[in-house]
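Each chain is listed here by its residues.
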Amino acid sequence: MSFNHIVIQNILRDKWTYVSYFLSSMLSIIIFFLFSVIVFHPNLKSLDPNSTLGISLMLASMLVYLFSFIYITYSITAFLRKKTKTLGIFMITGASMKQIRKLVFRENLLIGILAILAAIVLGLVITPLFLMGAKVILKAETFGMYIPLQAISITIGLFLILFVVISTVVTRFINKEASIQLLKSDIVIEKSIKPHYGLLILSILMSATLAYLLKIEHSIVDTLSVLYYLLFFISILSTIYLVITQGFRLFLKIYEKSPVYLQKTNMLLASNLNAKMKSHANMLFLITILLSGVFLCTSILFSSYYNVKKTSEENYPYSFQYIADPKADDNMVKDDLDYLEDTLSTVQAERYFIEFKSNEDQRIGYMALSDYNLIQHQDNKLSKDEFIAVAGSRDVAPTTNNASDLYITSFKLASTHEQNLLSTGFQQSYFIVPDDIYKTIDYPVYKTYIYELEDWTAHTDLARAITSVLPSVPGERYVTSKIDLYNTEMFVKSVMFFIGSMLSLIFLSAAMSILYFYLQTTLQQEKEKYIGIRKLGLSRNELATIITKELAILIFVPFTIAITLLLITLLAIQTMVSTAFLQVSIASSCCFFVLFLISYVLIRKSYFKRLVS
């Protein structure tokens, strides 16, 4: 019998353990492969890798791979824990540690290669449907099927390296004494969770203080920079872990003293939870973190997808804005305006012609009150020595200091308007003055032509055509369109929406996979325990009740904690988020609850069936 034959027979004799490891690894590889298919799609080749979108896609790819690395490492570690008893048998029959490590390495590498090949094949089958979905999400005109050779080669290369590295490193932690001891005793008694209520209170206070600084004392946050966010992240993780572990311990102590403890199968449930308190608490913490990532990812990225229209209007208030430079050729301006009129003749549009004068050194624009009232649809009144200060950039308060101004130095400020008047950033601020005063100002004149379309979001093709024919040229013309901006931002947000969907899918599937793998690694021990208990008179229905409650704790407690963290976050930033953020958060939470309920039913059915078989 060759060594490789032993490797294969060892896998076949304990196939269910290897199947769980194989499926969890394949799932990570499929997600990375599908993501790579999008990243290397020919339609995205023109994307600037140094742009925000290009960097986001690159970081997301790295994050997916990093998470896959952590997830597969966890899977291998859990797999080795279950195989410890089997390894002990090899050891007492004379196998050396070198041979044991070689055996485990080849097993892991074989499973890894099979997982990579299966993921590639299944990924290629799914890819056409996946690209159809991506086409809808990314709102791409053409996002068809192609042969993803680059995605295939990168997936195979990276994950082959991953399995070799992980298998080499993890096998170094195989403990000969522990394996033989486990084989002799056949029982592993977990250490109980120790009380650390003082540490819990200290951790909560630290997290609350750091959160308060983030909301109120921005200067301290800016000074500490990355160090602050690192401390905040560690503090939050520590608080969540202590809340779960100490809360779980306290709950069991209170439960054992309550009247319901002696009713029906509650005593057996509490005994089982006590025996696996630490491992259950660690599992609750891990799933809670993954679900928190899912909820925050969906809420933040998905809600930004619904705020594109509002953001576009705040940056560029008009469907089309044409500003002729004072030095521009009149014939060129006439030709441009004729083209605009001809192109927009088929749609309903309001047209405005205004002008403003600019102190180009200070980038202060001066506009006549009549023009301002025209485009604002208002009827403002000003006395001869008053002016209105209007913002020139989004989210930047207008300049109100006119003490050194050449024309309105003694004027009084009548009011301010913080919404930028024209395209954001074109001028620092605008001073609205009476028409008579405007005529006396001697600065270069910028003639401005404004077009506002009905149902403007439906005219993205029209905007793309106009801005391609009439691009902004410094010293000649400045053309902006909120429709074109909306179209560009929608594409960026759609890609971010896609990234958020993929990350949410990874975290959600990882949470369920880790739970399922955790149950599989303890299945044999639980089966032997319940066989003994059933001999004492425990019925099948009573066993089902215990399993149902225990799985409900492992699945729905992390879900509840993650939802609570999301609600706390929403309350903390309620003044900074839109209604869309709240709506998306509620809708996504409801959807995830349904998915969790379905997962709970399927996992319970599969686990119970194998437990009593």
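Residues numbered from 1 in each chain as written. Predicted model: local features only at pLDDT ≥ 70, side-chain atom pairs only at ≥ 80, totals over all residues. Heavy atoms only, no water.

The name given to the protein chain in an unreviewed UniProt entry is ABC transporter permease, with the source organism recorded as Lysinibacillus capsici. Per UniProt, the comment on the protein chain under Subcellular location (unreviewed entry) is "Cell membrane". Taken directly from UniProt, the Sequence similarities (unreviewed entry) text for the protein chain runs: "Belongs to the ABC-4 integral membrane protein family." (UniProt positions renumbered as here; feature names shortened; annotations may be inferred.)

*Asks:* Before we go on, may I ask you to explain helix α17 (residues 482-521) in this structure?
*Replies:* In an α-helix, one turn spans 3.6 residues; hence positions three or four apart end up facing the same way. In this model, α17 (40 residues) spans 56 Å end to end at C-alpha, consistent with the 58 Å of a helix rising 1.5 Å per residue. Counting buried positions along α17 gives 28 out of 40 residues, so the element sits mostly inside the fold. (Helix = DSSP H or I, 4+ residues; strand = E, 2+ residues; numbered from the N terminus. Expected span 1.5 Å × (residues − 1). Buried < 20%, exposed > 50% of the residue type's maximum accessible area, 1.4 Å probe, protein only.)

*Asks:* How do you make sense of the pattern of salt bridges when you look at a structure like this?
*Replies:* Between side chains of opposite charge, a pair can form as their charged atoms come close. Under the criterion given, the structure shown has 11 salt bridges. A salt bridge links Glu314 to Arg394; the shortest N-O distance between them is 3.0 Å. Residue Glu314 is found in helix α12 (residues 308-315), and its partner Arg394 is found in the loop between β4 (386-391) and β5 (412-417); the two are separated by 80 residues along the sequence. The exposure class of Arg394 is partly exposed, given its relative accessible area of 27%. Between Asp395 and Arg394 there is a salt bridge, with its nearest N and O atoms 3.5 Å apart. Where salt bridges share partners, they join Glu313, Glu452 and Lys482 into one cluster. (Salt bridge = Lys/Arg side-chain N within 4 Å of Asp/Glu carboxyl O.)

*Asks:* Just to check I follow, could you spell out the side chain of Asn315 for this structure?
*Replies:* With respect to the helices and strands, Asn315 occurs in helix α12. Residues contacting Asn315, with those up to four places away along its chain left out, are Arg394, Asn420, Leu422, Ser423, Thr424 and Leu485. (Contact = heavy atoms within 4.5 Å.)

*Asks:* Got a minute to help me understand the packing of aromatic side chains in this structure?
*Replies:* The geometry of an aromatic ring pair comes down to the distance between the two centres and the angle between the two planes. For the structure on display, the rule yields 18 aromatic pairs. Measuring from ring centre to ring centre gives 5.6 Å for Tyr407 and Tyr443, while their planes differ by 80°; the resulting arrangement is edge-to-face. Residue Tyr407 is located in the loop between β4 and β5, and its partner Tyr443 is located in the loop between α15 (435-440) and β7 (445-453); the two are separated by 36 residues in the primary sequence. The exposure class assigned to Tyr407 is partly exposed, which follows from its relative accessible area of 24%. Chaining the aromatic ring pairs together yields one cluster made of Phe356, Phe426, Tyr430, Tyr446 and Tyr478. Positioned above the aromatic ring of Tyr438 is the side chain of Lys357, whose terminal nitrogen or guanidinium carbon lies 4.5 Å from the ring centre. (Phe/Tyr/Trp six-rings, centres within 6.5 Å; stacked < 30°, edge-to-face > 60°. Lys NZ or Arg CZ within 6 Å of the ring centre and 35° of its normal.)

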